[in-house]
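# Structural description and commentary
Residue-level listing of the chains:
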Amino acid sequence: MGVTTVRLQADVEQHLEAIAGRLHRSKGWVINQALSEYIEKQQLEQERWTQTLEAMESAAQGKVVDSSEVHRWLNSWGTENEQDAPRSGR
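Being a predicted model, the structure only gives us computed values, none of them experimental. (Residues numbered from 1 in each chain as written. Predicted model: local features only at pLDDT ≥ 70, side-chain atom pairs only at ≥ 80, totals over all residues. Heavy atoms only, no water.)

### Remarks on helix H1 (residues 10-23)
In plain terms, the rule: A helix here means a DSSP run of H or I that spans at least four residues, while a strand means a run of E at least two residues long, and both kinds are numbered starting from the N terminus. Helices are assigned an expected span. That span is 1.5 Å times one less than the residue count.
In this model, H1 (14 residues) spans 20 Å end to end at C-alpha, consistent with the 20 Å of a helix rising 1.5 Å per residue. Just downstream of H1, His-24 is the residue with a positive phi angle, here 55°.

### A few points about the packing of aromatic side chains
We apply this condition: Classification of ring pairs uses Phe, Tyr and Trp, with its six-membered ring standing for Trp, and accepts pairs whose centres are within 6.5 Å; under 30 degrees between planes counts as stacked, over 60 as edge-to-face, and the remaining range as tilted. Burial here depends on accessible area, computed with a 1.4 Å probe over protein chains only, as a share of the maximum for the residue type. Under 20% is buried, over 50% is exposed, and the range in between is partly exposed. Only when the NZ of Lys or the CZ of Arg is both within 6 Å of the ring centre and within 35 degrees of the ring normal is a charge said to sit over the ring.
Overall, the coordinates contain 1 aromatic pair when judged by the stated rule. Their ring planes at 85° and their centres at 5.1 Å tell us that Trp-73 and Trp-77 sit as a pair that is edge-to-face. By relative accessible area, which is 48% here, Trp-77 ends up partly exposed. Stacked on the ring of Trp-29, the Lys or Arg Arg-25 has its end atom at 4.3 Å from the ring centre.

### A word on the packing of H1 against helix H2 (residues 27-60)
We count it as follows: Note on geometry: axes are lines fitted to C-alpha atoms, helical ones only across the stretch in contact, with angles between N-to-C directions running from 0 to 180 degrees. Any angle from 65 to 115 degrees is called roughly perpendicular, while one under 35 is roughly parallel, one over 145 is roughly antiparallel, and all others are oblique. The criterion used for residue contact is that any of the two residues' heavy atoms lie within 4.5 Å. In the scheme used here, Gly and all other residues not listed as nonpolar or charged are polar, with Ala, Val, Leu, Ile, Met, Phe, Trp, Tyr, Cys and Pro taken as nonpolar and Asp, Glu, Lys and Arg as charged.
With their axes 9 Å apart at the nearest point, H1 and H2 run at an angle of 105° to one another. Here H2 runs roughly perpendicular to H1, going by the angle between their axes. Mapping the contact onto sequence places Glu-13, Leu-16, Glu-17, Ile-19, Ala-20 and Leu-23 in H1 and Lys-27, Trp-29, Val-30 and Ile-31 in H2. Tallied by class, residues from the contact of H1 with H2 come to 7 nonpolar, no polar and 3 charged.

### Concerning the confidence of the model for the chain
In low-pLDDT regions, the fine details of the predicted coordinates are not to be read closely. As a reminder, the rule being used: Known as pLDDT, the predictor's per-residue confidence is scaled from 0 to 100.
Looking at the chain, pLDDT values average 95 and 99% of them are 70 or higher. When pLDDT is averaged over each element of the chain, H1 comes out on top at 98 and helix H3 (residues 67-76) at the bottom at 96.

### As for the side chain of Ser-76
Along the chain, Ser-76 turns up in helix H3. Note on Ser-76: relative accessible area 5%, which makes it buried. Apart from residues no more than four positions distant in its own chain, Ser-76 is found in contact with Asn-81, Glu-82 and Gln-83.

As structure tokens, then:
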């Protein structure tokens, strides 16, 4: 396990100490939990951004589905004749 030093604002330090005390955990444990959640959130946001860029590129190449096909598909949900998701013509 690595060691990192960080300077905290006084109010952040006070909140950190209060949380650690309430949870009966060390400040290091609370910081590790918070950073792990933050890193996971950042990774998810990066994945979403990458997917958005890929979708925009796909649309720019004309790989789109007509809205009427999407509506037909959605309207089929929960019926005996539920359809597969429409795919672009390319």
